[in-house]
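# Residue-level structure breakdown
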Amino acid sequence: MLDLGFVRANLDVVKAKLRLRGMDPEAALGDFATLDAERRAAITEVENLKAERNRLSAEVATIKRAGGDAAAVMERTKSLKEKIEGLEGRAAELDAALLKTLQAIPNLPQDDVPEGADEHGNLLIKTWGEKASFDFEPKPHWEIAEALGIVDFERAAKISGARMVVHFGQGARLERALAAFMLDLHTREHGYMEVLPPFMVNSRTLFGTGQLPKFAEDLFHCDDSGPYEGELKDGDHWLIPTSEVPITNLYAGETLDAAQLPISYTAHTPCFRAEAGSHGRDVRGMIRQHQFQKVELIKFTTPETSPEEHEKLTRNAETVLERLGLPYRRMLLCTGDMGFSSSKTYDLEVWLPGQQTYREISSCSNCSDFQARRAGIRYRPAGAKKSELLHTLNGSGLAVGRTYLAILENYQQADGTVRVPPALVPYMNGETVIGKQVR
């Protein structure tokens, strides 16, 4: 969430940044300037009236001590009290209206983010790896997996509906192996601490990272506490769309010491997404599922070090792809293609030879103080009396299912089997080839 004072003092800058995001600033901000001016005027008048009330109260005391009649002054004091209460109520209403406006405004892009309306405006930063050459026509992952018997989409649909999959045998083992490999790499070599958070969170937690109230339709809500009607509760439950949500909120409402930063966490969890608005997109295979697994990277850092930590986090995710021998490219997302909470995002896109295209496998974002303000996460600089908002960063390190399908497509063989990347062999019980499963 943006700071009210910042928006007030930099209204033209905010409007310009929102235009870069493809938004109509007048529609997004509404009557912000008018409401803010009225709120400030009401607060100023309340302060003036309270000062007058205090003066009149002192005058009443003086009159009474002198044995005089203070009825008229007391009546004036009473009318001031009623007026103050009315103005305070109006200021509270204006506060709520301004807060609602601020909650719906996305983070502002950093100055080095390229301008663009959609993914076509993204900037290629680097490519890595040689694309595999085949002496046969490479197949897409769903054909490979179904032929090997390691997945079953039809039975998954029977028990859960569309956009679900059941893994069998070496396919199930591959998912487990990838998660273990990623966690070992990040904890042993990259300095992250592993965390296993709850897979359900309350609505206040989803507000902290920016999913609520704007993106409720993209989430799965549990009705154990009744339907979601826009109220932020502590006792309701939602399935997490990513472990970024519970882990970022570990420190909600807390103030950390600067000496603790940066904090780096990694987690392997299932993720649940309704995929609202994606009807007809990626209906084949495992690209866009309602449930999938992901290893997430989360950092808490100071504003001064967040750009450096953003680069580190992105490199940590890239290292997974490089250790697995999967060709990829790094894209700097443009202003019109960034997520709601991000101020700068790199997407890592893996090459899929069976589809002859790159597909996103990790999104690494610097959220600046946007989430920290919503969740109330602060830190105290060394020697400082006043605390400040810290910066939060997150990224996939990596999406397990998409890494799985990338291996199927990049390591497929003419006989339909799939080679296991050398880095994964120890996690696959020493097996070097995924063959047809007998179920």
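See the structure printed just above.
Right, let's walk through the structure included here. (Residues numbered from 1 in each chain as written. Predicted model: local features only at pLDDT ≥ 70, side-chain atom pairs only at ≥ 80, totals over all residues. Heavy atoms only, no water.)

## Observations concerning the overall build of the protein chain
Each helix and strand in the protein chain was counted, giving 13 helices and 18 strands. A principal-axis box enclosing the C-alpha atoms of the protein chain has dimensions of 110 × 45 × 40 Å. For the protein chain, restricting intrachain contacts to residue pairs at least 6 apart in sequence, the fraction spanning at least 24 positions comes to 73%. Counting 53 positive and 63 negative side-chain charges, the protein chain places the averaged centre of each group 2 Å from the other. (Helix = DSSP H or I, 4+ residues; strand = E, 2+ residues; numbered from the N terminus. Contact = heavy atoms within 4.5 Å. Lys, Arg positive; Asp, Glu negative; His and termini not counted. Charge placed at Lys NZ, Arg CZ, Asp CG, Glu CD.)

## Describing the packing of aromatic side chains
Per the stated rule, a full pass over the model turns up 10 aromatic pairs. These aromatic residues form a ring-pair network of at least three members: Phe 215, Phe 340 and Phe 370. Note that Arg 374 overlies the ring of Phe 207, its terminal NZ or CZ placed 4.1 Å from the centroid. (Phe/Tyr/Trp six-rings, centres within 6.5 Å; stacked < 30°, edge-to-face > 60°. Lys NZ or Arg CZ within 6 Å of the ring centre and 35° of its normal.)

## Observations regarding the sheet that holds strand β13 (residues 357-366)
Ordered in space as β1-β11-β12-β13-β16-β10-β9-β4, the 8 strands form an open sheet in which the pairing is mixed. The sheet is open, and its two borders are formed by β1 (123-128) and β4 (193-194), each paired with just one other strand. In terms of strand pairing, strand β9 (residues 263-272) meets strand β10 (residues 291-301) through 10 bridges, oriented antiparallel. In the sheet register, Thr 266 faces β10, and the bridge partner there is Leu 297. Along the sheet face, helix α11 (residues 306-323) touches β1, β10, β11 (328-332), β12 (344-352), β13 and β16 (391-399) and points at about 5° away from the line of β16. Against the sheet, helix α13 (residues 400-410) engages β10, β12, β13 and β16, with an angle of about 35° to β16. (Pairing = 2+ DSSP bridges. Axes fitted to C-alpha atoms, helices over the stretch in contact; angles between N-to-C directions.)

## What about the pattern of salt bridges?
Overall, the coordinates contain 29 salt bridges when judged by the stated rule. Between Glu 85 and Lys 81 there is a salt bridge, with its nearest N and O atoms 2.7 Å apart. With Glu 85 and Lys 81 both in helix α5 (residues 71-103), this residue pair falls 4 residues apart, about one helical turn. For Lys 81, a relative accessible area of 42% corresponds to the partly exposed category. In this structure, a network of salt bridges that share partners links the residues Lys 126, Glu 311, Arg 315, Glu 318, Glu 322 and Arg 330. (Salt bridge = Lys/Arg side-chain N within 4 Å of Asp/Glu carboxyl O. Buried < 20%, exposed > 50% of the residue type's maximum accessible area, 1.4 Å probe, protein only.)

## Observations regarding the pairing of β13
Of all 10 residues making up β13, 7 are buried, and the element is well covered by its neighbours. Taken together, the 9 bridges between β12 and β13 define a ladder with antiparallel strand orientation. Considered in β13, the bridge of Glu 349 is made with Glu 360. Between β12 and β13, which pair antiparallel and follow one another directly, the connecting turn spans 4 residues, one of which, Gln 356, has a positive phi of 55°. Where β13 meets β16, 2 bridges bridge the pair, whose relative direction is antiparallel. Bridging across to β16, Asn 366 finds its partner in Leu 393.

## Overview of the state of the cysteines
Under the criterion given, the structure shown has 0 disulfides. Distance from the sulfur of Cys 271, which forms no disulfide, to the nearest cysteine sulfur (Cys 364) is 14 Å. (Disulfide = S-S within 2.5 Å.)

## Brief notes about the pairing of β16
With 9 of its 9 residues buried, β16 lies for the most part within the structure. For β10 and β16, the ladder comprises 7 bridges, and the chain directions are antiparallel. The partner of Lys 299 across the bridge, within β16, is Leu 393.

## A short note on the side chain of Ser 368
Mapped onto the elements, Ser 368 comes out in the loop between β13 and α12 (370-375). Of the residues examined, Ser 368 reaches a relative accessible area of 13% and is grouped as buried. Among the polar contacts listed, one links the side chain of Ser 368 to the side chain of Asn 107, at a separation of 3.0 Å. For Ser 368, the contacting residues outside a window of four places in its chain are Asn 107, Ser 343, Leu 390, His 391 and Thr 392. (Polar contact = N/O pair within 3.5 Å; in protein donor to acceptor, adjacent residues only side chain to side chain.)

## What about the packing of helix α6 (residues 141-148) against α13?
At a minimum axis separation of 9 Å, α6 and α13 run at an interaxial angle of 85°. For the element pair α6 / α13, the angle class is roughly perpendicular. Counting all contacts with α6, which are made through His 141, Ile 144 and Ala 145, the residues of α13 involved are Leu 405, Leu 408 and Glu 409. Considering only residue class, the contact of α6 with α13 consists of 4 nonpolar, 1 polar and 1 charged. (Parallel < 35°, antiparallel > 145°, perpendicular 65-115°, else oblique. Nonpolar A, V, L, I, M, F, W, Y, C, P; charged D, E, K, R; others polar.)

## Examining the sheet that holds strand β6 (residues 220-222)
Whenever strands of a sheet pair, they do so through backbone hydrogen bonds, lying parallel or antiparallel. Read from one edge of the open sheet, 3 strands run β5-β7-β6, paired in antiparallel fashion. A single partner strand is all that each edge strand has here, and the edge strands are β5 (200-201) and β6. Sheet topology places β6 next to strand β7 (residues 237-239); 3 bridges connect them, and they run antiparallel. In the strand pairing of β7, Cys 222 is matched with His 237.

## A few points about the packing of helix α4 (residues 32-65) against α5
With their axes 8 Å apart at the nearest point, α4 and α5 run at an angle of 155° to one another. By the angle between their axes, α4 is roughly antiparallel relative to α5. The hand of the α4/α5 crossing is left-handed. The residue makeup of the contact of α4 with α5, split by class, is 19 nonpolar, 2 polar and 14 charged. (Left-handed = near helix turned anticlockwise from the far one by under 90°.)

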